[in-house]
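Geometric and topological summary
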Amino acid sequence: MSIINHSTSPDLPPPVTEVGVIGWMRHNLFSSPLNFALTLVGAYLIFTFFIPAFDWAIWSANFTGKDQSACTGGGACWVFIADRLNFFVYGFFPDAEYWRVNIVFILLAALLIPQFIEAFPYKMWLGWALLVGLPIVSYFLLIGGSFGIVHVETEKWGGIMLTLVLSFVGIVAALPIGIVLALGRRSNMPVIRGICIGFIELWRGVPLISVLFMASVMLPLFLPEGLNFNKLLRALIGIVMFQSAYMAEVIRGGLQAIPKGQYEAADALGLGYWKSMGLIILPQALKLVIPGIVNTFIALFKDTTLVLIIGLLDILASVQASIIDPAWSDVATEGYVFAAFVFWIFCFGMSRYSQALERKLHTGHKR
Amino acid sequence: MKSKMLGVLVAAGTAVAFAATASAATLDDVKKKGHVQCGVNTGVPGFALPDSKNQWTGLDVDVCRAVAAAVLGDAGKVKYTPLTAKERFTALQSGEIDILSRNTTWTHTRDTSLGLNFAGVNYYDGQGFLVNKSLGVKSAKELDGASVCIQAGTTTELNLADYFKQNGMKYKAVVFDTSDQTRQGFEANRCDMLTSDASQLYALRTKMKNPNGAIVLPEIISKEPLGPVVRQGDDQWFNIVRWSMNAWINAEELGITSGNADKMKGSKNPNVKRLLGTSGDLGQKLGLDNAWAYRIVKQVGNYSESFERNVGMSSPLKIARGVNALWNKGGIMYAPPIR
C-alpha cells in the first residue's frame, strides 16, 4: 500500500478576494487609500449627479406627444424639441421649400463623409466639389429666385441651417484668405507686408462681437438711405475678415516652423515664388498646423452664435426664442441641452476629421 | 423698457443727420415691393414670437399685419426683421424696415432726437413687481430691505433705484443676464421679488412650476407706453400707420369684429359706415382705398380680438385689460374718431 499519491492534487481556487468581481474591485477600485477615497467620491457623483441626469434625460422624460400636456413624466420634455424641431433646423424657411435645404444638407454630408474614408476614390475631386461647387449650388438653392424656384429672403433663414451657412462660408473663405495674408506678412515687399500686417492686427485687435455690431448697427448709417446690404451678408463679411486674420497667424506659425533649408532647396531647384510655396513650403506648413487650423474652425463654428446679438436667429437664438413661448412650461434646460448637443456633434466631427487627417499625412513629425 | 442706453446714444448721435432728410414716399415703396418690412423683437411672449407653425404672432406683429391689410389688401404680406434693442432704431433710420413694432417705449428723447415718430400706443405697459404669495406682502412699500431679481442693462434697473430712493427704502439687487434667468433666480429663492415690465411678469409667471404661488403687486412704478415707430419726414406713411391703429381700436368701440364685419357693412350707424368705407372717402385721404379699415378688421380683427388672442384671456399670458381697456370701459385706450 502506497502512501505516496502520484496524481497532482487539483489546484485550489484562487482566494475570492483576488478574482471575479471582488478581485477586480480590490485591484482597480480599492488598491490604496487614495483610490479608496477616489472610488467613494466617484460613486457619490454617480449617485447624486449622473443617475438623476439620466433619469431626467431618459427614464422620466417624455418623447411623444403634441404639446405641454404630454409632459407628465417629471423629467425632460423632449416633446418641446420635437415640436419645434423644424424651427430649430430651418428657421422661418417656408415649409414647402424645406426640400431645398435638405438637398444642401444631403450634398454636404455626401461630399464630407468620403473625406473620412481612407480608401474612397476621387477624394480630391469631391473635396473641390465641397469647397467650390457646394457653395455655388447652395447659393442658388437657398436664395432661389432663379431656375423657377421661389426666392426666399435671408431674413427667413435660421436655426441649424443658418449656423451651417455662417460657419461653412467662414471656414471656406477664411482658409485661402488666411494663407494669402500669412504669405503676405512674410513677404519682402514692404507695401504688401504693411497691408497684411495692418489687416491682421486690425481685425485681430477687435472682438468679434464689436465687428458684428459695427456691421449691423453702424454700417447702415454710413450708407445713403435706401442702399441696404443684406444683414446676413454684412455679418458674413465680418466673420470672414475676423477669422482670416486668426487663420493667417496660425498658418504663419506653420511657415516659421519650416527650416530655412527647405526654402533654400526650393530656390536651388530653380522654383519661382509661387511654385516653391505651393509645392514645397505650404504642404509642409499646413500639415504642421492642422490642429491649429481645426482649432480655429471649431472656435469659428461656436462663435457664429454671436450673431444672435444682431438679431439673426441661429440655432442658439432660435432655441432662446422658443423657450420663452408661454405655451410651454419651463423648457429652458431642454432647449439648451439640445443646442449644446448639436454643437457637440459638429465640433466633435471636426475634431475627429482633423485627427484622421493628421494620421494620414504624418511623415515623421509625429512624436 | 429694454432700452439699452448704448443703443440710444449711438442712434441719437448718428441720427441727427438723418432727421433732416425727408425720406422718399414709403407708401409707394411698399406698394412696389408688395410687402411691409416690419421690425419686431427677437422674441417676447405675447408681442412677437414665432408660433408652433414658425409664423410670427403677437400684439406688435398685428400692428404690421393691420398696416399690410390696409395698404396691400393682405395681412399676410409682411416680412419680419427680428431686431435687438440696440439695432432697432438704426434699422428704421437706414430704411431697412418700414415700421418698427418692437415693444418700444415712447419717450421724449426717442421721439425728438432720433429722427423718428411714434405713431400711437398699442399697449400701455409699466414696471411692476412679482413676489411670492407666502411673503404675505400686499404692497411694494412693505418691501424695505428686500432683495430684487432684475435683468441687467435695462431701464427697469434705473426705475427700481428711483422708486426705492423716493420711498426712502433700501434694496439689494440680484442681477441676471436674461429675463428667463431672472425668473429662475426668483424661483430658486435668490431674491424676495422680481421686477420687470408688467406684461413680462405675467409671461414669466406662466413659466413657473407653481404659477399661483406668486402674485403681481398692484404698484406700477413707471409708464411704458409701447407703440409702433416710423421715420420722421414721411407724413403720409405716418398717417397710414397711425390711422390703421386708430381704426383697429375704433372697431372694438363700434363692436365690429372679424366675424361680423361683413354683416356690419349693412349697418345704419354712420360711424360704422365711415369706418367700413360704405360711406365717405376717408381711405382715399390716406392714399388708400375706402375698404382699408374693413380689411384690417376682417383679416386681423379689432383691438380686443388681437389683445385677447395674444396677451389676454385666450392666451397663456392671461393679462387682464386693465388700463388697456377702452376709455369707456375704465381704461385709457382712446382712439380719435374716424370721420
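The paragraphs below set out a description of the structure included in this document. (Residues numbered from 1 in each chain as written. Chains lettered and ligands numbered in written order. Predicted model: local features only at pLDDT ≥ 70, side-chain atom pairs only at ≥ 80, totals over all residues.)

**Let's talk about the interface of chain A and chain B**
At the junction of the two partners, chain A supplies 29 residues and chain B supplies 32 residues. Of all the secondary-structure elements, those providing two or more residues to the side of chain A that touches chain B are α3 (78-90), α8 (208-222) and α13 (315-323) of chain A. Broken down by class, the residue content of the side of chain A that touches chain B amounts to 16 nonpolar, 7 polar and 6 charged. (Contact = placed C-beta atoms within 7 Å. Helix = DSSP H or I, 4+ residues; strand = E, 2+ residues; numbered from the N terminus. Nonpolar A, V, L, I, M, F, W, Y, C, P; charged D, E, K, R; others polar.)

**Some points on unusual backbone geometry**
All names here are of chain B. Positive phi values are uncommon outside glycine, yet Asn54 reaches one of about 60°. Checked against the element boundaries, Asn54 lands in the loop between β2 (49-50) and β3 (56-57). Residue Asn54 is classed as buried on the basis of its 20 C-beta neighbours within 10 Å. Even without being a glycine, Asn189 presents a positive backbone phi close to 60°. (Buried ≥ 20, exposed ≤ 12 C-beta atoms within 10 Å, placed from the backbone.)

**Focus on the nonpolar core**
Judged by nonpolar contacts, the single largest core of 174 residues is most densely connected at Met161 of chain A together with Val67, Ala70 and Ile296 of chain B. Considering each element in turn, this core owes the most residues, 16 residues, to helix α6 (residues 159-185) of chain A. Once you skip the residues sitting within four places of it in the chain, Ile296 of chain B turns out to touch Ala66, Ala69, Ala70, Ser244, Ala247 and Trp248 of chain B. (Core = buried A, V, L, I, M, F, W, Y, C linked by C-beta atoms within 7 Å.)

**Section: the sheet that holds strand β9 (residues 146-151) of chain B**
Residue and element names in this part refer to chain B. Across the sheet, which stays open at both edges, the 5 strands sit in the order β10-β9-β11-β8-β12 with mixed pairing between neighbours. Each having just a single partner strand, β10 (171-176) and β12 (214-216) make up the two edges of the open sheet. Neighbour to neighbour, the strand axes of the sheet diverge by 30° on average, direction disregarded. Bridge count for β9 against β10 is 6 bridges, and the pairing is parallel. If you follow Val148 over to β10, its bridge partner there is Ala173. The strands touched by helix α6 (residues 155-166) within the sheet are β8 (127-132), β9, β10 and β11 (193-197), with β9 carrying the most contacts at an inclination of about 155°. Packing of helix α7 (residues 179-187) onto the sheet brings it into contact with β8, β9, β10 and β11, and relative to β9 it is tilted by some 155°. (Pairing = 2+ DSSP bridges. Axes fitted to C-alpha atoms, helices over the stretch in contact; angles between N-to-C directions.)

**Some details on the environment of Gly144 of chain A**
Residues and elements named next belong to chain A. Locating Gly144 in the fold gives a position in the loop between α5 (123-143) and α6. As a C-alpha pair, Gly144 and Arg100 span 44 residues in sequence and 9.0 Å in three-dimensional space. In this structure Gly144 touches Ile149, Val150, His151 and Val152, once residues within four positions along its chain are discounted.

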